[in-house]
Each structure stands twice: as structure tokens, then as C-alpha cells.
Amino acid sequence: MQGINKGFLYFICAVSAMGGLLFGYDWVVIGGAKPFYELYFGISDSPVMQGVAMSTALVGCLIGAMVAGAAADRFGRKPLLTVAAMLFTVSAIATGLFNDFTLFNIARFIGGVGIGVASALSPMYIAEVSPTAIRGRMVSLNQMTIVLGILAAQVVNMLLARETSVAESQAWNVDWGWRWMFWAETLPAALFLFMSFFIPESPVFLKIKSGERLEVSGERIDLPQNTSLTSHLSTLTSKKYRKVLLLGLVIAVFQQWCGTNVIFNYAQEIFVGAGFDVDGMFINIVITGIANVIFTIIALYTIEKWGRRTLILLGAGGLGLIYLTLGTCYFLEVKGVMMVVLVVSAISVYAMTLGPVTWTLLAEIFPNRVRGIAMATCTFALWVGCCTLTFSFPSMNAALGSSGTFWIYSAICGCAFVFLFRNCPETKGKSLEQLEKELVH
């Protein structure tokens, strides 16, 4: 760490991590706005249109993640972060501005593209500019901003929903409240856009582009001299990289299919099913957001002490046991505080383990030559996992009940634990170049 301008390093990592803040806010805010814009657009009795409104941003995520890697390898990491900031800003303004349902969905799609780009680029950029000794902690900063964005969206939603209760009328929220939920994102999005012009390009990309010897935070980067500007999928899927690609894909999809994110997307159904009224539901949702932040802060310290492998195994095993218990409680029709404790426990374990460790591992395990396209591929897979999880939960919940659904998630966690125990390496304290030699043969 000697000779490194720590202040500037923290600044550029914090700016890049603002993509995570907007990712978290944009992803969760629609849950609070849902009851109000559905009334405004007249789709309260149309499950198909409700599904369209909830899924357009996810489709944008898939496209954003798909194009992010190749574009980052061709144009650089910094320009793509600026593009993501622009997309967030435009989407925040337009989503609340439009009175037409089609235009509303187009605006949500634009924001989704921004999420897809930011989710792939922010952790990768941070990993490439951070020294080995604190790389895990710095990449976890991206997850920290994601959960802060989630909490901010939950608080905004609660405050506006409570305003409706005080007024004993939904009129204002139906006309304007849901708009302000989206407009609240404009300020941080504009700040991200402004600050993105003051961060440097990733040294790894500059090395790939120029072929000259550079250093990343005081550590020499050695890349093959025949490295091309654009890493193609054909290279990534070659036999040389196949094993590490499979590991990355499993980690990415499992972060979604561990089941925790349904608590954020369907918190209303989960807490109402546990016996809470509307006010209790919103309060409990904010409690989960606070727990999310607290245990993500804990992860910033444990990720360098306990290691990535230990945390991801702890996450898979811990969530498997919690979901087994949660499913049993639903089966026995347990109500009240016990259910809140279990849900908060699941969020806490996830926030300390799978939340930050997934992004850290994905940013570390791939060689410099293919990191851009590999991160994009795994992020694309992650959002496919998110889409399938989001779409399948209502059907699973209807067919199997909450108990059966959480038992399924418990089984998934158990299978993931076995796979990761056998295949996930420890990356703590190892340079990106050392990891490349160990993981790619």
C-alpha cells in the first residue's frame, strides 16, 4: 500500500460504486410504486400488464449486461460507467414524467439497461484499480452502495405510503406519489454522471489497449502481448477457460436462486402471509433494509479476514437451514415476530456472504484478457436468474404454498454448498495474476 494515493483510490472506487447505489434503488423502488401506478394506468385487474410493468426493467438488465463486456473491452471501463449514469438519469426523470403506459415501460427499460451495465462494470472497475490487500473490501463497497440504494427506496416508499394513510386517501399517491418515488433517483443519478468525468480509465484496459507495461495501485500487471482489444465469447468458452467460466456462472445464478431476493420483490406478499397489516408490512420491509445495511458493513471487514470461500459456504449453508425452518413455520402456520426474525436472519446472512462475495469473486477469478466479456456473461446469467426467480415465485407459491417454495430454495442452497465446497477457491490475498495462473491451465 506504500506509494498509493489512498484518498484518490477511495474516491474513484466510491464514484464507480455509485452505479451500485442506483442499481439498488432502481431495482427496489418499483415495489412501493406498484399499487399506485397500477391504479393510475388502470391495470389493477390485469395480471399480464402488471407483469409487463414489473419485467421491462429486467429485460433491460439482460441487454445491458450482454453488451457491457464487449463494449468495455473496446471503448474502456470509464465511458461505460458514464453511459450507465446517463441512462439512470434519463430513466429517473422519464419514468415519473410519462402518462402513457407504453412510454412508462420504455423509460423503465432504459433504467434496466443502466442497471445491467453498472452491475457488470462497477465491480470490475474497482477490482482493476484496487491493490490485492484490500481488493475484496473495495469491491464489497459496490455491494454496500447497492444495499444503501435498496434501503433508500424502501424508506421513500414507506414515507409516501404513510402519507396516504394520514390523508386517508390514495388520490395524491395515485396521481403523484409514484412519480416522486422514481424522481427521487434523479439527484444521485445526476451526481454519478457528473463525477464519472473525474475518474481515470482502468489501468488494465489501458494496458490491453497500448501493450505497454503499467501498474495497478503499485502492482505490476503482466498481460500476454497478443491480447486483443475485444475478448470474444469464442475465447471465453474455449477449453482453457471453461472450468472457471462454469464456476462464475454457478456463483452468479446461485446469488439469485438462493431465494433471498424474492423477499425484496415480494415482501408485501411474504409479510401479509405472515399475518401483518399494511403498516406493519412497510415497517418490517424497512427493518429488513436496515439489517441488509448493517451486515453488509460487517462483510466489509470479514471478507479480508475470513476469506471469500469461507463466506460463500457460510451463506449457502446458513440460508439452506434458515429456509428449511422458514418453510416449516409456514407449514405450521406460525405468525408474527418469529417470521420477522427468520426473514431478517435470511437477509442478514445473505448481506454478509452471498451479496458482496459474489461480486468480489466474479471480479477476481477471471484472467485480465477475458475479464470484460466474462463479467458481462456472468452478469447476464445473474439477471437471467433474477428474471426466472421473479417470474417463478408467484406460480411456485400458488402451487406449493410458501412452505414448499422455501423448501425448494433450501434444497437449492444445499446443492450449491456441495458444488462450491468442491470447486470454489480461496482468492484472499492473491494478486489477479496469481489467480490467473492457479485457475486457468
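Criteria and thresholds
Residues numbered from 1 in each chain as written. Predicted model: local features only at pLDDT ≥ 70, side-chain atom pairs only at ≥ 80, totals over all residues. Heavy atoms only, no water. Helix = DSSP H or I, 4+ residues; strand = E, 2+ residues; numbered from the N terminus. Buried < 20%, exposed > 50% of the residue type's maximum accessible area, 1.4 Å probe, protein only. Contact = heavy atoms within 4.5 Å. Areas by Shrake-Rupley, 256 points an atom, 1.4 Å probe, with all protein chains shown as cover. Axes fitted to C-alpha atoms, helices over the stretch in contact; angles between N-to-C directions. Parallel < 35°, antiparallel > 145°, perpendicular 65-115°, else oblique. Nonpolar A, V, L, I, M, F, W, Y, C, P; charged D, E, K, R; others polar. Core = buried A, V, L, I, M, F, W, Y, C linked by side-chain atoms within 4.5 Å. Lys, Arg positive; Asp, Glu negative; His and termini not counted. Salt bridge = Lys/Arg side-chain N within 4 Å of Asp/Glu carboxyl O. Polar contact = N/O pair within 3.5 Å; in protein donor to acceptor, adjacent residues only side chain to side chain. Disulfide = S-S within 2.5 Å.

**Observations concerning the overall build of the protein chain**
Consideration 1: Helix and strand counts for the protein chain stand at 18 helices and 2 strands.
Consideration 2: For the protein chain, the proportion of its 441 residues judged to be buried stands at 59%.
Consideration 3: Considering only contacts in the protein chain between residues 6 or more positions apart, those separated by 24 or more positions represent 83%.
Consideration 4: Carbon and sulfur atoms provide 68% of the accessible area of the protein chain, an area that totals close to 17100 Å².

**Comments concerning the packing of helix α16 (residues 354-364) against helix α17 (residues 371-423)**
Consideration 1: The geometry of α16 relative to α17 is characterised by a closest axis approach of 9 Å and an angle of 150 degrees between their N-to-C directions. Looking at the two axes, α16 sits roughly antiparallel to α17. Seen from α16, the contacting residues are Thr358, Trp359, Leu362 and Ala363; seen from α17, they are Arg371, Met375, Cys378, Thr379 and Leu382.
Consideration 2: Residue composition of the contact of α16 with α17, by class: 6 nonpolar, 2 polar and 1 charged.

**Focus on the nonpolar core**
Soluble, globular proteins show a tendency: their nonpolar side chains are buried together.
Consideration 1: The biggest cluster of nonpolar side chains holds 117 residues, and the ones touching the most others in it are Tyr37, Leu121, Ile312, Trp383 and Tyr409.
Consideration 2: Residue contributions to this core peak at 17 residues, all from helix α1 (residues 6-41).
Consideration 3: Counting 7 residues, the second-largest nonpolar core is a separate cluster that includes Met144, Val147, Val293 and Leu300.

**Some remarks on the side chain of glutamate 201**
Consideration 1: Along the chain, glutamate 201 turns up in the loop between α7 (186-195) and α8 (203-210).
Consideration 2: Buried within the structure, glutamate 201 lacks any salt-bridge partner; its nearest side chain of opposite charge belongs to arginine 77, at an N-O separation of 5.2 Å.
Consideration 3: In terms of polar contacts, glutamate 201 uses its side chain to reach the backbone amide nitrogen of arginine 77, at 3.0 Å.
Consideration 4: A polar contact is formed between the side chain of glutamate 201 and the backbone nitrogen of lysine 78, at a distance of 3.3 Å.
Consideration 5: The contacts of glutamate 201, once residues within four sequence positions are left out, are Phe75, Gly76, Arg77, Lys78, Pro79, Tyr125 and Leu206.

**Overview of the environment of isoleucine 303**
Consideration 1: For isoleucine 303, the location among the structural elements is in helix α13 (residues 278-305).
Consideration 2: Counting along the chain gives 163 residues from isoleucine 303 to serine 140, while the straight-line C-alpha distance between them is 8.2 Å.

**Some details on unusual backbone geometry**
Consideration 1: One non-glycine residue, glutamate 333, adopts positive backbone phi at about 60 degrees.
Consideration 2: Assignment of secondary structure puts glutamate 333 in the loop between α14 (308-331) and α15 (337-352).

**What about the state of the cysteines?**
Consideration 1: The full count for this structure, using the stated rule, is 0 disulfides.
Consideration 2: The thiol of cysteine 413 is unpaired, and the distance to the nearest cysteine sulfur, on cysteine 258, comes to 5.6 Å.
Consideration 3: The class of cysteine 413 is buried, set by a relative accessible area of 0%.

Interpretation note: all reported values are geometric properties and have no functional meaning in isolation.
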